[in-house]
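The residues making up each chain are set out below.
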Amino acid sequence: MQVSKWGKSLAVRLPKALVERMGLKQGDELEIVEAADHKVTVEKADRKKAALERMASRRWSLSQGPRFNRDEANER
């Protein structure tokens, strides 16, 4: 892979095989898990799961009212 300039940042294009294996789609976020010895390990970020875990750790509960899915609401 080649590092490219994208605005004031740097970017890396991911190979199709990796995208398919990780189940990535446009808009997904990746977290750098480890970076050492010229190797980088990444994971697909699951922001919804992380938010629910934070809520549970604070003993917050979700309302039992209607549920809305932002992704479904914004589908075209």
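Residues numbered from 1 in each chain as written. Predicted model: local features only at pLDDT ≥ 70, side-chain atom pairs only at ≥ 80, totals over all residues. Heavy atoms only, no water.

Novice: I would appreciate a short explanation of the layout of surface pockets in the present structure.
Specialist: Rolling a probe over the atoms, with the probe sized like a water molecule, indicates the empty space that remains. In this structure, the largest pocket encloses a volume near 880 Å³. Elements that contribute at least two residues to the lining of the largest pocket include exactly α2 (47-57) and α3 (70-73). The biggest single contributor to the lining of the largest pocket is α2, with 5 residues. Partitioned by chemical class, the residues of the lining of the largest pocket number 7 nonpolar, 4 polar and 10 charged. Together, 15 residues line the second largest pocket, and Ala11, Val12, Arg13, Leu14 and Leu30 are the ones closest to its centre. Sorting the residues of the lining of the second largest pocket by element identifies β1 (3-6), β2 (9-12), β3 (30-36) and β4 (39-44) as the ones contributing at least two each. For the lining of the second largest pocket, a count of residues per class yields 11 nonpolar, 1 polar and 3 charged. (1 Å grid on protein atoms, 1.4 Å probe; cavity = no way out; pocket = protein on both sides within 12 Å on 5 of 7 lines; lining within 4 Å. Points joined across faces, edges and corners; volume = space filled by probe spheres on them. Helix = DSSP H or I, 4+ residues; strand = E, 2+ residues; numbered from the N terminus. Nonpolar A, V, L, I, M, F, W, Y, C, P; charged D, E, K, R; others polar.)

Novice: Could you clarify how one ought to interpret the pairing of β3 in this entry?
Specialist: Each regular strand displays side chains that alternate between the two surfaces of the sheet. As paired strands, β3 and β4 are joined by 6 bridges and run antiparallel to one another. Counted as the bridge partner of glutamate 31 is glutamate 43 from β4. Connecting β3 to the antiparallel partner β4 that follows it, the hairpin turn spans 2 residues, and aspartate 37 within it adopts a positive phi of roughly 50°. (Pairing = 2+ DSSP bridges.)

Novice: Any chance you could explain unusual backbone geometry here in plain terms?
Specialist: For residues that are not glycine, phi is negative in most cases, and the peptide bond is trans in most cases. Phi is positive for aspartate 37, close to 50°, though the residue is something other than glycine. As for its position among the elements, aspartate 37 is in the loop between β3 and β4. The phi angle at histidine 38 is positive, at roughly 65°, despite the residue not being glycine. Summarising the element assignment, histidine 38 is placed in the loop between β3 and β4.

Novice: What is the right way to look at a nonpolar patch on the surface in this model?
Specialist: A surface patch of nonpolar side chains, about 880 Å² in accessible area, is lined by Met1, Val3, Leu10, Val12, Leu14, Leu30, Ile32, Val40 and Val42. Among the elements of the structure, β2, β3 and β4 are those that each provide at least two residues to the nonpolar patch. Along the polypeptide, leucine 10 turns up in strand β2. (Patch = residues over 30% accessible without salt bridge, like charges linked within 9 Å, V, L, I, M, F, W, Y side chains within 5 Å. Areas by Shrake-Rupley, 256 points an atom, 1.4 Å probe, with all protein chains shown as cover. Salt bridge = Lys/Arg side-chain N within 4 Å of Asp/Glu carboxyl O.)

Novice: Help me out: how do you make sense of the confidence of the model for the chain in this one?
Specialist: Residues of the chain with pLDDT of at least 70 account for 96%, and the chain-wide mean is 84. Here α3 stands out as the least confident element of the chain, with mean pLDDT 79; β1 is the most confident, with 92. (pLDDT = per-residue confidence, 0-100.)

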